[in-house]
Amino acid sequence: MKYMPEPYKVKMVEPLRILPKEERIEAIKRAGYNTFLLNSRDVYIDLLTDSGTNAMSDRQWAGLMMGDEAYAGSENFYHLQKTVQDIMGFKYVVPTHQGRGAENLLSQILVKPNTYIPGNMYFTTTRAHQEMNGGTFVDVIIDEAHISDKEDVLFKGNIDIKKYEDLINKVGAENIPYICVGVTVNLAGGQPVSMQNLREVHALSKKHGIRVMFDCTRYVENAYFIKVREKGYADKSIAEIVKEMFSYADGATMSGKKDGIVNMGGFLAMNEEDLYFKATSLVVVYEGMPSYGGMSGRDMEAFAIGLKEALDFNYIKHRVSQVEYLGNKLIEAGVPIVRPIGGHAVFLDARAFLPHIPQSEYPAQVLAAEIFIESGVRTMERGNISAGRNKEGKEYFPKLELVRLTIPRRVYSYAHLDYVAEAIIATYKRRDEIKGLKFTYEPPVLRFFTGRFEHI
Ligand code: F0G
């Protein structure tokens with residue numbers, strides 16, 4: 001079987017509705033051509049994100065009833081802590097309301113003015129926290145990650161060891177508080193990092209006394225790709241691969257809303273006691289007691305159960321199969337997408353899709369709006385608008401100008417994905433009619449969330 005069938009059956013359904021086309025045109029206009037500003041009730045199939053949009057299992061729902069809502073020392077926290085310790089091997093776990101809560105703690109503690117944080121491509125919230133604390137993010141991902149159709153590179157998320165070493169030589173290891181390694185790399189297209197690369201990054205970092213911090217938001221997807229693509233791992237379980245991956249890290253931030261298969265949650269984990277104490281004294285200011293960090297007891301229970309479920313090979317195989325199914329349909333129709341197909345989403349290459357629209361007129365943004373008009377399917381821009389502006393106020397014009405079709409976990413069927421593919425192909429056929437956008441309102445930070453646009 002080329003594509004893994006669902007390793008679950010349906011127990012409860014949520015009805016969907018589809019607006020008529022005229023109303024979709026009105027809805028996207030009201031939203032300022034920003035799919036983030038659409039009302040969810042106007043969306044038919046929601047591929048905005050895989051973050052917090054997961055379907056929980058019956059076990060997880062049962063776990064909600066076991067919530068221990070004590071202000072301090074909740075039973076569910078101990079369950080979550082033990083689960084993270086068992087799966088990842090970290091000593092200390094500081095819960096947070098979601099991933100960026102953990103990024104905030106980590107950046108406030110370790111990032112100082114005039115420090116540099118290397119990473120394998122930026123992520124929006126991660127870089128925002130680093131910069132707000134005076135640090136400078138430096139992209140040390142391999143060059144191929146920025147080329148959308150470089151399909152023969154199986155680990156496009158890898159760190160370029162030479163770029164990393166050059167940075168150390170240039171700014172000095174003492175000015176690099178940690179390297180942030182995303183496993184997988186969201187904005188490169190959900191691309192994985194190989195075990196070999198993690199090993200090399202760890203060795204170089206230890207040589208210079210630099211911490212290795214993972215952004216392990218989608219770590220199970222990364223482990224799956226190691227199993228199916230990297231020599232020597234085919235016979236290892238996902239749990240074994242995960243264990244080895246984390247043996248090359250000193251700590252991690254995680255958004256539980258992805259590979260934790262929950263709707264809310266996150267944590268910062270580490271082995272260093274001093275870092276742990278600093279994090280617990282900050283978490284009480286920003287999130288809550290170190291035994292809940294912004295989550296309810298029931299959230300922590302569902303999170304702990306979700307972390308264990310995500311290690312099941314059939315679960316992760318089906319997840320990645322769905323992404324590959326959609327991606328391959330688009331490739332067959334000649335639609336330009338990022339290759340190889342990644343772990344959580346199919347990414348359309350908006351520059352190749354709409355070559356007549358310059359990047360300054362936001363081709364990915366307008367493409368996401370047009371896909372919604374075509375079909376009621378909601379997608380997301382990940383290009384020039386997401387990249388924002390540098391300290392001088394100039395736009396970054398990233399090489400990758402993408403629209404992300406993000407697949408929520410255990411939510412949609414292969415038939416839904418057929419509908420999505422048809423919608424994209426129909427939009428591709430009328431691509432010449434599509435025109436660019438300009439801002440009517442541009443927020444100063446993370447502008448993609450609430451920015452508004454009109455047609456040029
Ligand atoms: N790191 C990565 C790689 C992410 O993809 C996200 C969130 C975060 C950190 C922040 O986590 O949202 O829980 O605060 N990504 C979402 C997305 C928003 O749609 O890609 P958070």
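The name an unreviewed UniProt entry gives the chain is Tyrosine phenol-lyase, with Tissierella carlieri as the organism. Among the UniProt annotations of the chain, the heading Catalytic activity (unreviewed entry) holds the following wording: "L-tyrosine + H2O = phenol + pyruvate + NH4(+)". Of the chain, the UniProt comment under Subunit (unreviewed entry) reads exactly: "Homotetramer."

Okay, the overall build of the chain next. Each helix and strand counted, the chain has 17 helices and 14 strands in total. Compactness check: the chain gives a C-alpha radius of gyration of 21 Å against a globular reference of 23 Å for 456 residues, within 12% of the reference. Principal-axis analysis of the C-alpha atoms places the extent of the chain at approximately 60 × 55 × 45 Å. The contacts of the chain with a sequence gap of at least 6 include a subset with a gap of at least 24, amounting to 73%. Total accessible area computed for the chain in this model is approximately 18300 Å², and 53% of it derives from carbon and sulfur atoms. Taken as two groups, the 56 positive and 58 negative side-chain charges of the chain have centres that lie 1 Å from each other.

This paragraph deals with the pattern of salt bridges. The final tally for this structure, using the stated rule, is 32 salt bridges. Its salt-bridge partner being Arg 59, residue Asp 58 comes within 3.0 Å of it at the nearest N-O pair. What makes Asp 58 partly exposed here is its relative accessible area of 35%. A relative accessible area of 55% means that Arg 59 is categorised as exposed. Across the pair Asp 259 and Arg 409 runs a salt bridge, and its minimum N-O distance is 3.1 Å. With a gap of 150 residues between them, Asp 259 in the loop between strand 7 (251-255) and strand 8 (266-270) and Arg 409 in the loop between strand 12 (402-406) and helix 16 (414-429) connect regions that are remote in the sequence. Side by side, Asp 259 and Arg 409 carry an identical accessibility label, which is buried. Through salt bridges with shared partners, a single network forms among Asp 50, Arg 218, Glu 221, Asp 259, Arg 319 and Arg 409.

Mapped onto this numbering, the UniProt entry gives "modified residue: N6-(pyridoxal phosphate)lysine" (unreviewed entry) at Lys 258. You can see Lys 258 is positioned in the loop between strand 7 and strand 8. On the basis of relative accessible area, Lys 258 is assigned to the buried category, the value being 13%. Not counting residues within four places of it along the chain, the set of residues in contact with Lys 258 comprises Asp 50, Ser 51, Asn 54, Thr 217, Arg 218 and Arg 409.

The subject of this paragraph is the nonpolar core. Met 88, Val 181, Phe 214, Tyr 219, Met 245 and Phe 246 are the most contacted members of the largest nonpolar core, which has 61 residues in total. The leading source of residues in this core is helix 8 (residues 219-229), at 6 residues. Setting aside anything within four residues of it in sequence, one finds Phe 246 in contact with Met 88, Phe 90, Phe 214, Cys 216, Tyr 219 and Ala 252. With 49 residues, the next largest nonpolar core counts Ile 337, Ile 371, Leu 417 and Val 420 among its residues.

To continue, consider unusual backbone geometry. Peptide bonds are, in most cases, trans, and in most cases residues other than glycine have a negative phi. That bond from Val 183 to Thr 184 is cis: its omega, -5 degrees, falls within 30 degrees of zero. Summarising the element assignment, Thr 184 is placed in the loop between strand 5 (178-182) and helix 7 (195-208). Backbone torsion omega between Arg 339 and Pro 340 reads -5 degrees, so that peptide bond is classified as cis. If you trace the backbone, Pro 340 turns up in the loop between helix 12 (313-332) and strand 9 (345-349). Unusually for a residue other than glycine, Tyr 362 sits at a positive phi of about 55 degrees. By the secondary structure assignment, Tyr 362 is in the loop between helix 13 (350-353) and helix 14 (363-375). Of note, the phi angle at Arg 410 is positive, near 65 degrees, even though the residue is not glycine. With respect to the helices and strands, the residue Arg 410 is situated in the loop between strand 12 and helix 16. By relative accessible area, which is 16% here, Arg 410 ends up buried.

In the vicinity of the ligand lie 17 residues, with Thr 49, Arg 100, Asp 215, Ser 255 and Lys 258 positioned nearest. Separating a nitrogen atom of the ligand from a side-chain N or O atom of Asp 215 is a distance of 2.6 Å. Considered on its own, the ligand offers 470 Å² of accessible surface; in the complex 94% of this is hidden by protein. Counting residues per element, the shell around the ligand draws most heavily on helix 4 (residues 99-110), which supplies 3 residues. For the shell around the ligand, the per-class residue count stands at 2 nonpolar, 8 polar and 7 charged.

Looking at where Leu 19 falls in the secondary structure, it is placed in the segment before helix 1 (21-30). For Leu 19 and Ser 375, which are 356 residues apart along the polypeptide, the C-alpha to C-alpha distance reads 8.9 Å.

What counts and what doesn't
- Residues numbered from 1 in each chain as written.
- Predicted model: local features only at pLDDT ≥ 70, side-chain atom pairs only at ≥ 80, totals over all residues.
- Heavy atoms only, no water.
- UniProt positions renumbered as here; feature names shortened; annotations may be inferred.
- Helix = DSSP H or I, 4+ residues; strand = E, 2+ residues; numbered from the N terminus.
- Rg over C-alpha atoms; globule rule 2.2 N^0.38 Å.
- Contact = heavy atoms within 4.5 Å.
- Areas by Shrake-Rupley, 256 points an atom, 1.4 Å probe, with all protein chains shown as cover.
- Lys, Arg positive; Asp, Glu negative; His and termini not counted.
- Charge placed at Lys NZ, Arg CZ, Asp CG, Glu CD.
- Salt bridge = Lys/Arg side-chain N within 4 Å of Asp/Glu carboxyl O.
- Buried < 20%, exposed > 50% of the residue type's maximum accessible area, 1.4 Å probe, protein only.
- Core = buried A, V, L, I, M, F, W, Y, C linked by side-chain atoms within 4.5 Å.
- Near = heavy atom within 4 Å.
- Polar contact = N/O pair within 3.5 Å; in protein donor to acceptor, adjacent residues only side chain to side chain.
- Nonpolar A, V, L, I, M, F, W, Y, C, P; charged D, E, K, R; others polar.

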